Amino acid sequence: MMLIIILVAFLAILPDHITAEMDQIQEENCKMKATQTEEYHITAEMDQIQEENCKMKATQTEECKMDKATQTEQDHMAEWWILFWLLPGGVGVLLGLAVDALVVYVYWMRRGRHHAPDKEEETQLKEGEQNDNPAAQPLPGKKEEDARAGDKEEETQLKEGEQNDNPAAQPLPGKKEEDARAGDKEEETQLKEGEQNDNPAAQPLPGKKEEDARAGDKEEETQLKEGEQNDNPAAQPLPGKKEEDARAGDFQMIRQSEVIMTLDMDTINSRLTVSPENRSVRWTEERHKLPETPERFDEHPCVLGRMGEARWRCYWEVEVGSKKFWELGVAREAVERKGQLILSPETGFWVLSLWEGRKLKALTDTETLLDSTIPSRVGVYLDYEKMQVSFYNAETGSLIYTFKEKIDKTVRPFFSPTDRDQDSLIILSMSAN
C-alpha cells in the first residue's frame, strides 16, 4: 500500500518536474535563438561595414588615380611652361653666340688684312709689272744666261741683216770695229737703264745697292705696319715704356667716363652710417631706426649706388685707404636683399673684395685670388655695350681684374664696408680734384 502511495505521489510529481525541465529547455532554446539572432545581426553589420570599407577603398583608389592624373597633367604643363620660357632664352643664347662668332670672324679678317705680309703684295706687283714688260724681267740662274744669249744672238742676226742691207754699216776692221761695238754696247746699256728707270720695281740692283734697296723696302713696310697699328691700337704690341704710356692713355680715356655717384638710402642696411652728402659709408654697431621696405638690405652690411645720368660707359672711384675689409662692384637690380647673401655672378653680384688686408679676391663662382698690389683707391669701369665690369688701381692706372661673366643691363653700383671694421668707404669726385 505504501508502495502504491509512493508510486502515485511520484507519478503526480513527475509531470510537473518534466514540465519544468521542458520549460527550462525551451527557455534555453529561446536564449540560443536570441544569441543567434544577435550574431546574425552582428555578422550583417560587419558585412555592411566591410562593404563600406571596400567602397571607401575604391573611392580612395579613384581619388588617388585622379590625383596622379592631375599631378601628371600639372607636370606636363610645367614642362611645357619651362620649355616655353627656355626656348626663347636658348634662341637668344644661340643668336648671341652667332653674333660673337661673327664679330670675332670680322675682327680676325680685319686684323689679317692689316697685318698680311706686304712682301707678298710687293712680289705680286713686281710680277705683274714684269709680265707687262718682259724685257725688264730678271731671270735667275741658267735660264737668265740662256735668255741673254738668245737676245744677243737675235740682236747679232738683226745687225747682220741691217748691215747686209746697208753696206755702210758693215763692221769696221781693227780698232774702229772695237770702238763701234763698244758704242753699241753703251747705247744698249743706256736703253736698258732707261727702261728700268721707267719701271723701278723691275730693276735688279746688284751688291750693296740691292741690299740698301731691300732695307729701304723693309723700312717702308715697317712704317706702313706702324701706321695700321696706330689706326688699330688694340693690335699694337708696345714694349716697355711705350706700352706703359699707352695703358696710361687708355686709363685716362676710361676716367673721362666718370659719373656723379651717390648712395641710395632706400637700400642701405640699418647698421650703416652715411655722410650728409651721401658719398661715404661706414659700419656701426648701433642699428638705426629705418622703415622696413622690400628694397632694403636687412642683414648684409651694404648699400647700392645711384648714378646721376645714364650712360653706356660709367666710371667711378672709391677711396678705401688702409681698410682691411671691403667689397666693391655692381649688383643686379632684382637681387635678394633679405638674409645673408652669397656674392657671385650666379646670384647677381660682380664684386671685388679685400679680406684681412692681404687677400684680394674676385668673387666669382669659385672665388679667384688675385696676385696684385693692394690698392688704396679702386676704379670701377662699367661698360654696358660690352656687358662687362673691370676694376683698376686708380693710383697706377693698372688693370686689377675684368669679370668674364657678362653683366646684366640692370646692374647698379654696390658698396659694402663689411662689419669687420668701422673705417669709411669714400666715393671720390675727380672733377672736385
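To be clear, the structure that these remarks concern was listed above.
Residues numbered from 1 in each chain as written. Predicted model: local features only at pLDDT ≥ 70, side-chain atom pairs only at ≥ 80, totals over all residues. Heavy atoms only, no water.

(A) Highlighting the side chain of S280. Along the chain, S280 turns up in strand β3 (residues 280-283). Given a relative accessible area of 14%, S280 falls into the buried group. Setting aside anything within four residues of it in sequence, one finds S280 in contact with L263, T273, V274, S275, L425 and I426. (Helix = DSSP H or I, 4+ residues; strand = E, 2+ residues; numbered from the N terminus. Buried < 20%, exposed > 50% of the residue type's maximum accessible area, 1.4 Å probe, protein only. Contact = heavy atoms within 4.5 Å.)

(B) Expanded view of the packing of aromatic side chains. For the structure shown, the criterion picks out six aromatic pairs. Here F251 and Y392 contribute two aromatic rings whose centre-to-centre distance is 5.5 Å and whose plane-to-plane angle is 40°, an arrangement assigned as tilted. Of this pair, F251 sits in helix α6 (residues 240-255) while Y392 is found in strand β11 (residues 388-393), placing the two residues 141 residues apart along the sequence. Pair check on accessibility: F251 and Y392 agree, each one buried. With centroids separated by 5.5 Å and ring planes inclined at 70°, the aromatic side chains of F349 and F414 adopt a geometry described as edge-to-face. Placement of F349 in strand β7 (residues 349-355) and of F414 in strand β13 (residues 412-416) is noted, with a sequence separation of 65 residues between them. For F349, a relative accessible area of 2% corresponds to the buried category. (Phe/Tyr/Trp six-rings, centres within 6.5 Å; stacked < 30°, edge-to-face > 60°.)

(C) Region of the structure containing the sheet that holds strand β2 (residues 272-274). Reading across the sheet, the seven strands line up as β2-β3-β14-β5-β10-β11-β12 and stay open at both edges, with antiparallel pairing between neighbours. Both outer strands of the open sheet, β2 and β12 (398-402), are each paired with one neighbouring strand and no more. The mean angle between the axes of side-by-side strands here comes to 25°, regardless of whether they run parallel or antiparallel. One ladder, built from four bridges, connects β11 with β12; its direction is antiparallel. In the sheet register, S390 faces β12, and the bridge partner there is T402. (Pairing = 2+ DSSP bridges. Axes fitted to C-alpha atoms, helices over the stretch in contact; angles between N-to-C directions.)

(D) View of the environment of R313. Within the fold, R313 resides in strand β5 (residues 313-319). For the pair R313 and M387, spaced 74 residues apart in sequence, the C-alpha separation works out to 9.9 Å. Those residues in contact with R313 that sit more than four places away from it in its chain are S257, Y381, L382, D383 and E385. Here the side chain of R313 touches E385 through a polar contact of 2.7 Å, side chain to side chain. (Polar contact = N/O pair within 3.5 Å; in protein donor to acceptor, adjacent residues only side chain to side chain.)

(E) Summary view of a nonpolar patch on the surface. Together, M1, M2, I4, I5, I6 and V8 give the surface a local cluster of nonpolar side chains, amounting to about 680 Å² of exposed area. Among the structural elements, I5 can be located in helix α1 (residues 2-115). A relative accessible area of 47% places I5 in the partly exposed class. (Patch = residues over 30% accessible without salt bridge, like charges linked within 9 Å, V, L, I, M, F, W, Y side chains within 5 Å. Areas by Shrake-Rupley, 256 points an atom, 1.4 Å probe, with all protein chains shown as cover. Salt bridge = Lys/Arg side-chain N within 4 Å of Asp/Glu carboxyl O.)

(F) Focus on the side chain of K361. Of note, K361 is situated in strand β8 (residues 359-362). For K361, the side chain forms a polar contact with the side chain of E367, separated by 3.3 Å. Look past the residues within four positions of K361 in its chain and what remains in contact with it is V351, L352, S353, W355, E367, T368, L369 and L370.

(G) Quick peek at the nonpolar core. In terms of nonpolar packing, the biggest core is built from 36 residues, with W316, W326, L382, V389 and F415 touching the most fellow members. Setting aside anything within four residues of it in sequence, one finds V389 in contact with V330, W350, V380, Y381, L382, Y401, T402, F403 and I407. Core analysis: the second largest hydrophobic core is formed by 11 residues, F297, A331, L343 and V351 among them. (Core = buried A, V, L, I, M, F, W, Y, C linked by side-chain atoms within 4.5 Å.)

(H) Structural detail: the sheet that holds strand β9 (residues 368-369). What the seven strands build is an open sheet, ordered β1-β4-β13-β6-β7-β8-β9; its pairing is antiparallel. Edge positions in the sheet fall to β1 (261-263) and β9, since each has one partner strand and no second. Alignment of β7 against β8, held across four bridges, turns out to be antiparallel. The partner of S353 across the bridge, within β8, is K361.

(I) A look at the pairing of β11. Where burial is concerned, most of β11 is hidden: five out of the six residues are buried. As paired elements, strand β10 (residues 377-383) and β11 share six bridges and run antiparallel to each other. Looking at the pairing, G379 lines up with Y392 of β11. Between β10 and β11, which pair antiparallel in sequence order, lie four residues; one of them, M387, sits at a positive phi of approximately 55°. Here β11 folds back onto β12, and the loop between the two strands holds four residues, one of which, G397, carries a positive phi near 80°.

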